[in-house]
Structures are given as C-alpha cells and as structure tokens.
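# Structural overview for review
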Amino acid sequence: MSHPNVLDYLDYLDNPSPRTLGRSPLEWLDRLHKPTVVRVAGRDPSRTRAMATLLHGNEPSGLFALHRWLLEQHTPEVNMLFLIAGVYPAKIPPTFSLRQLPSGRDLNRCFKEPFEGEEGAIAEAMLAELHKANPECVLDVHNTSGTGPAFAVTITNDAAHQALASLYTDRLIMTDLRLGALMEYSEQEVPTVTIECGGAHDDHAHELAYDGLVRYASRPDVLSLEKADWDVAVLRNPIRVELAPDATIEYRLEPTGRADITLPPDIEHRNFGVISPGEPLGWIGKRGLGILTAIGHNRTENMEKVLRVKDGQIYPAQAIRTFMITTNPVIAKSDCLFYAVKATGEPIF
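Residues numbered from 1 in each chain as written. Predicted model: local features only at pLDDT ≥ 70, side-chain atom pairs only at ≥ 80, totals over all residues. Heavy atoms only, no water.

## With respect to the sheet that holds strand β7 (residues 171–174)
Taken in spatial order, the nine strands make up an open sheet running β1-β2-β4-β3-β5-β8-β6-β7-β9, and their pairing is mixed. If you trace the sheet from one side to the other, it starts and ends with β1 (11–14) and β9 (233–236), each paired once. Here the average twist between neighbouring strands, direction ignored, is 20°. Where β1 and strand β2 (residues 36–40) come together, four bridges link them in parallel fashion. What sits directly across from Asp11, in β2, is Thr36. Relative to strand β4 (residues 78–84), helix α5 (residues 117–133) is tilted by about 175°, and along the sheet it contacts β1, β2, β3 (44–53), β4 and β5 (137–144). (Pairing = 2+ DSSP bridges. Helix = DSSP H or I, 4+ residues; strand = E, 2+ residues; numbered from the N terminus. Axes fitted to C-alpha atoms, helices over the stretch in contact; angles between N-to-C directions. Contact = heavy atoms within 4.5 Å.)

## Focus on the sheet that holds strand β16 (residues 307–310)
The sheet built from five strands is open, its strands ordered β11-β12-β14-β17-β16 with mixed pairing. What marks the edges here is a single partner per strand, and that holds for β11 (249–251) and β16. This sheet shows a mean twist of 30° between the axes of neighbouring strands, independent of strand direction. Pairing of β16 with strand β17 (residues 313–316), which is carried by four bridges, proceeds in the antiparallel orientation. Paired with Val309 across the two strands is Ile314, which belongs to β17.

## Thoughts on the layout of surface pockets
Here the largest pocket is characterised by a volume of approximately 410 Å³. In terms of lining residues, the largest pocket is bounded by 24 residues, among which Asn58, Ser97, Ser145, Asn328 and Ile331 are the most central. Broken down by element, the lining of the largest pocket gets its largest block of residues, three residues, from helix α9 (residues 329–334). There is about 180 Å³ of room inside the second largest pocket. Considering the residues around the second largest pocket, the lining is formed by Phe111, Leu127, His131, Ala181, Leu182, Glu184, Tyr185, Glu187 and Gln188. When its residues are assigned to classes, the lining of the second largest pocket shows five nonpolar, two polar and two charged. (1 Å grid on protein atoms, 1.4 Å probe; cavity = no way out; pocket = protein on both sides within 12 Å on 5 of 7 lines; lining within 4 Å. Points joined across faces, edges and corners; volume = space filled by probe spheres on them. Nonpolar A, V, L, I, M, F, W, Y, C, P; charged D, E, K, R; others polar.)

Structure, rendered in structure tokens:
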C-alpha cells in the first residue's frame, strides 16, 4: 500500500523566521497543522544532517530544543533537515500527554512496509524526505517513558554511531531487535541513532536535547569521536520484557491482591542500576510469571534467565541491569515493562 503524494501528509518550513515560530513551543505547536519538515540552510550546502523528533506526542524535549534553536537563528555548519512527526497526538489536550492518537498506531513502529493507515503514510512520507535529502546521519530525539538518565539506542555499534551518541550521552544500547523504528534507517548505510533524553517533564532532559542539538548542528564533523577515550557503556541486545495484553498492573508500596503484577512507585530509580538476585523488584499475582514474556533479539523466550518468583515476590534470576522502566501503566502495557541485560552489559541468553 503506497501513498504517492507526500504533500498530503507533510507541511514544510524553510529557514523559518522568529515571527513564524511563536514565542513558545506551545504557540508554535498550535500553528503546526500537520507533521512538518523544517529545512535550515547551512554554511556547507553540500551536506545535510537530519533530526526527527516528537515521533511520540508525549515526548516534547526535542521540539522544545528545536524551537529554542530556531528562535536563536543559528547558522548550522551543514544543511539541517528536521522532521516534526507526532503533531496530531501532541495537540490533543492536555498538550503533550498522548503518545499516539487514541485509535492510531505507534508511529515509531511504522517505518517499514506495509505503510498502512495514516501513521504508515506519515512514516513513508518522512522516509521519502530522508531519501531525497540524502543526509550524512540521522538522529531521532525522544524522552524516556519514565524518569531516568539519558541514553542512546542503535542497531549498529561502530565509531560513527558512538560519535553521534556521544553528542548527548555515554550510554549506548545496541539491539538486533527490529520493530519498524526510524532508527532502523541505519540499514540504508546512514548512521542513525535514537537519543532518549530523560523524562518528558525533566528540565535537564530539555536542556540536554538543546545542548546536543547545538553540538550536532555546529560541529564540522559529528561522525568521528572527539576523544579516543570516550568511556561509553555499551549494553548489547537487551531482552524486552512485555506484559500480556489482558494483564493488570499497579504501582503500590504493597500489593492489593487485585493486580497481576505490582511494582513499587519508585521503580524508575532502578533504571541503569544493577539489581542483584537478592533484591525484590515487586509482586506477582495468582497468574504467576505467565503474564510476562521476555523476548530476545532472536525472538526466543528467556524468562527463567531474567526473573524468578519466591513467596509471591519477583526477583532477578541473575544480576541484571534494567532500563526503560516506566510507572506509566498505559506505556507498560502498550510498549514494554522494561529492558534488561546482564550486569556486565552483555545479552541474557
């Protein structure tokens, strides 16, 4: 299913003046009517760098950063192509509260054939813009679904991808799992990295998104590491722990007995920390661990290597490092509960 006319799905802004941007990101969002392509001419017009943001309507740091950067009227080192994707869900009141349209699909699962529905059409149109611009690299700027430190995700772990990640963070997740995410544009031989800036309501996440954008747009070279000793923690092929669609989850200090799984309200503080086999993570209900799946990059099921139950409490089956833990039950159910690797950063097999 192809959508030939990308103009139906995208609006365009070329070198926007402060007048067109409004005084605040909210005012600007109000003026955006569709997913929007912003093009800014650079000193070296022979090269282009691309950045997507707001793929999820409840992850505004990238849009805040872009609005601030555009207001300041920087001249970038090379041409910049910005893709503002989730305008429709972001605009639904309360603003920046919905990841996707209530009846819609997760846009960051639509960057692969068949490009079905409105989200598929938007993803296909964005890919067409990237193809036309032929950028030397692509960043996709997000917020984490919970609070927690920033990290980068890539499907390729080489010097170029590490260099892009280093503009924002020293934590890099490398995954072979394919979900139809924009990050998989790396397979077009264009270094592509997802940046998770931290929580959507965290000022430091907005600041990081802005500082990283300034570095990305102003450096002559963003594909080689500035210093050879960049100390990056690379976590490889995390396992994705998902809840069954009919499972229930609560966030409480102790279980009520009504939910299939109960996690403490401060579980987000576990992000990127090592959890030893003796530390409880939460409580499991009568249905046991059967409500969870642990999906590796090779689609194998590995739950017994990840979690175990003792006296109704959930423990790691071995020392693990977890990330993307959220206390948002909607995201925990629609996306995933968390990702995990061994404490060393190696995959759990």
